[in-house]
Amino acid sequence: MTEGNFVDYVKIYVSSGKGGKGSTHLHREKFIEKGGPDGGDGGRGGHVYLVGNKSLWTLFHLKFARHVKAGHGGDGGGDRSTGADGEDKFIEVPLGTVVRDKESNEILFEITEHGEKKIVAQGGKGGLGNWHFRSSTNQTPRYSQPGLPSEEIDMILELKVLADVGLVGFPNAGKSTLLSVLTSAKPKIADYPFTTLKPNLGIVAYRDFKSFVIADIPGIIEGAAEGKGLGHYFLRHIERNSTLLFLVPVDTPDIKAEYDILVNELKKYNPEMLDKERMLVISKCDMLDDELKSELKIQLDKDFKNIPYLFISSVAQQGLTELKDKLWSMLNTEN
Ligand SMILES: Nc1nc2c(ncn2[C@@H]2O[C@H](COP(=O)(O)OP(=O)(O)OP(=O)(O)O)[C@@H](O)[C@H]2O)c(=O)[nH]1
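Counting restarts for each chain: residues are numbered from 1 in the order of the written sequence. This being a predicted model, a pLDDT of at least 70 is required before a residue's local features are given, and a value of 80 or more before pairs of side-chain atoms are given or counted; all residues contribute to the totals for chains, interfaces and linings. Hydrogens and waters are ignored; side-chain quantities use all the structure's heavy atoms.

## Considerations on the overall build of the chain
The line we're drawing: Secondary structure follows DSSP: runs of H or I at least 4 residues long count as helices, runs of E at least 2 residues long count as strands, and numbering of each begins at the N terminus. Categorising residues by exposure relies on relative accessible area from a 1.4 Å probe, with only protein chains included: less than 20% of the type maximum marks a residue as buried, more than 50% marks it as exposed, and the intermediate range marks it as partly exposed. By definition, residues are in contact when any of their heavy atoms lie within 4.5 Å. The protein chains shown are the only cover counted for residues, whose accessible areas, like all others here, come from Shrake-Rupley with a 1.4 Å probe.
The helix and strand inventory of the chain stands at 5 helices and 14 strands. The buried share among the 335 residues of the chain stands at 50%. Nonlocal contacts in the chain, meaning residues at least 24 apart in sequence, comprise 74% of its contacts between residues at least 6 apart. Accessible area for the chain stands at about 17300 Å²; split by element, carbon and sulfur atoms hold 48% of it.

## Thoughts on the sheet that holds strand β2 (residues 48-52)
Spelled out, the test is: Paired strands are those between which DSSP finds at least two bridges. Helix axes are fitted only over the stretch in contact, all axes being lines through C-alpha atoms; the angle between N-to-C directions runs from 0 to 180 degrees.
The strand order across the open sheet built from 3 strands is β4-β2-β7, with neighbouring strands paired in mixed fashion. In this open sheet, the two edge strands, each paired with only one partner strand, are β4 (89-93) and β7 (117-121). Neighbouring strand axes in the sheet, compared pairwise and without regard to direction, differ in orientation by 30° on average. Here 5 bridges tie β2 to β4, and the two strands are oriented parallel to one another. Residue Leu50 lies in a different strand from β4, and its bridge partner there is Ile91.

## Some points on the sheet that holds strand β1 (residues 9-15)
The pairing of strands in a sheet happens through backbone hydrogen bonds and is either parallel or antiparallel. Ordered by their spatial adjacency, 5 strands build an open sheet running β3-β1-β8-β5-β6, and the pairing between neighbours is mixed. One side of each edge strand has no neighbouring strand; the edge strands of this open sheet are β3 (67-69) and β6 (107-111). Sheet twist, expressed as the average angle between the axes of neighbouring strands with direction ignored, equals 25°.

## Digging into the pairing of β6
In the sheet, strand β5 (residues 97-101) pairs with β6 via 4 bridges, with the strands oriented antiparallel. Bridging across to β6, Val99 finds its partner in Phe109.

## Overview of the packing of aromatic side chains
Quick note on the threshold: Geometry of aromatic contacts follows a simple scheme: Phe, Tyr and Trp rings, the Trp one being its six-membered ring, pair when their centres are within 6.5 Å, and the pair is stacked under 30 degrees between planes, edge-to-face over 60, tilted otherwise. We call a charge positioned over a ring when the NZ of a Lys or the CZ of an Arg lies within 6 Å of the ring centre and within 35 degrees of the ring normal.
The full count for this structure, using the stated rule, is 5 aromatic pairs. Taken together, the ring pairs in this structure connect Phe246, Tyr259 and Phe304 into an aromatic cluster. Over the aromatic face of Tyr49 sits the side chain of Lys117, whose NZ or CZ is 5.0 Å from the ring centroid.

## Quick word on the pattern of salt bridges
Applied cut-off: Salt bridge, as applied in this entry: a Lys or Arg side-chain nitrogen positioned within 4 Å of an Asp or Glu carboxyl oxygen.
Here the structure, examined in full by the defined rule, presents 4 salt bridges. Among the ionic pairs, Arg44 bridges to Asp88, the shortest N-O distance being 3.2 Å. Of this pair, Arg44 sits in the loop between β1 and β2 while Asp88 sits in the loop between β3 and β4, placing them 44 residues apart in sequence. In this structure, Lys256 engages Asp260 in a salt bridge whose closest nitrogen and oxygen atoms are separated by 3.1 Å. One end of the pair, Lys256, and the other, Asp260, are both in helix α3 (residues 255-269), 4 residues apart, so they sit about a helical turn from each other.

## Section: the site of the ligand
Keep this limit in mind: Any residue with a non-hydrogen atom lying within 4 Å of a molecule or strand is treated as near it. Any pair of nitrogen or oxygen atoms within 3.5 Å is treated as a polar contact; in protein, a donor-acceptor pairing is required on top of that, and neighbouring residues in sequence qualify only through side-chain atoms on both sides.
In the vicinity of the ligand there are 14 residues, among which Asn172, Lys175, Ser176, Thr177 and Asp286 approach most closely. Within the backbone of Gly174, an N or O atom sits 2.9 Å from an oxygen atom of the ligand. Note that an oxygen atom of the ligand is positioned 3.4 Å from one of the side-chain N or O atoms of Ser313. Contact with the protein chains covers 67% of the free accessible surface of the ligand, which is 650 Å².

## Considerations on the pairing of β5
Among the 5 residues of β5, 5 are classified as buried, and the element is accordingly described as predominantly covered. Alternating positions in β5 separate into two faces, Thr97, Val99 and Asp101 on one and Val98 and Arg100 on the other, with burial throughout. Both β5 and strand β8 (residues 152-159) contribute to a ladder of 5 bridges, which runs antiparallel. The partner of Asp101 across the bridge, within β8, is Met155.

## Describing helix α1 (residues 175-182)
We count it as follows: Taking the helix axis as origin, the arc is that swept by the directions to the C-beta atoms.
What α1 keeps buried is the set Lys175, Leu178, Leu179 and Leu182. For α1, the buried positions fall inside an angular range of 100° around the axis, keeping them on one side.

## Some remarks on the confidence of the model for the chain
What counts is decided by this rule: The quantity known as pLDDT measures the predictor's confidence residue by residue, on a range of 0 to 100.
On average, residues of the chain score 83 in pLDDT, and 81% of them reach the 70 mark or higher. This prediction of the complex comes with two scores: 0.59 for pTM and 0.96 for ipTM.

## With respect to the side chain of Ser144
Here Ser144 lies in the loop between β7 and β8. Look at Ser144 and you get buried, because its relative accessible area is 15%. Here the side chain of Ser144 touches Thr24 through a polar contact of 2.8 Å, side chain to side chain. Each residue touching Ser144, except ones within four places of it in the same chain, is listed here: Gly22, Ser23, Thr24, Leu128, Gly129, Asn130 and Phe133.

As structure tokens, then:
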């Protein structure tokens, strides 16, 4: 897992290998005057693949990989020997990597599953050797095919998935503070073009070396879905999070109303967001004594029949273990 730098956008020039040349060769052997054609085929040029890897979270490892080139196919030889295939190259990427052609800006494909392998630059086919071209009218063809050329592409890799859990809340709800007490590693996030806002990403270490990623996505304000504020840009990143964690501070006059506004923003942006698992966290509960908490609970039980909720305090470290347990079980009961 990459710690220290979060990169969700890289440009890489990739090229596949050329196909090897087919050979034009005539069989020669002592005492055989006129041997037949025996030129072998050229080998295939190497492909460049992208491969999904679920333990990668960023594109940081590719930040300095400006060029990736696969090997050329070997030429065919006499005695029908086939040239060796060029070496394939595999570029490992996190799930949710979108691949774009820089020149046309067209999306080529997306890698969504662990182990998924897709060719981004296809190696050239090897040429056929002259052995294939023998016929009754031409028993000694002096012709063989060249290999097919390589493919080159300037590609852009963009990462859509930021996290397993996306924090959703108004400014000041306590998202950053929660993230800081929950997470053990805090990857620094690359600057986004046109904005100084950055999603804040952290890795939550869970029992027995398990972990999940949680992101505080800034900029969700009322009206974000219509492009007010910078919400829109960041909403893109929570599209694929598996669980949404809504954060509403305990001193909010109407918790249900605030929750509804947040849900509505997400819905306007993309109704599918509402298919995700949701959980509500009432933050800053150190401000509340037990009596008020019990009263509030009665109200919340009425308002949130289908959404699990939890009282927490990042400052007083209350409810955090329960929160991690709950999130973990939600992440693992999906699908
Ligand atoms: N009493 C109390 N205050 C808290 C708690 N968590 C956060 N705060 C305070 O609430 C304020 C906002 O907290 P942040 O974590 O910055 O909130 P945020 O949601 O990240 O805000 P933005 O970055 O503006 O989106 C800060 O003054 C925090 O000190 C808590 O558990 N208890």
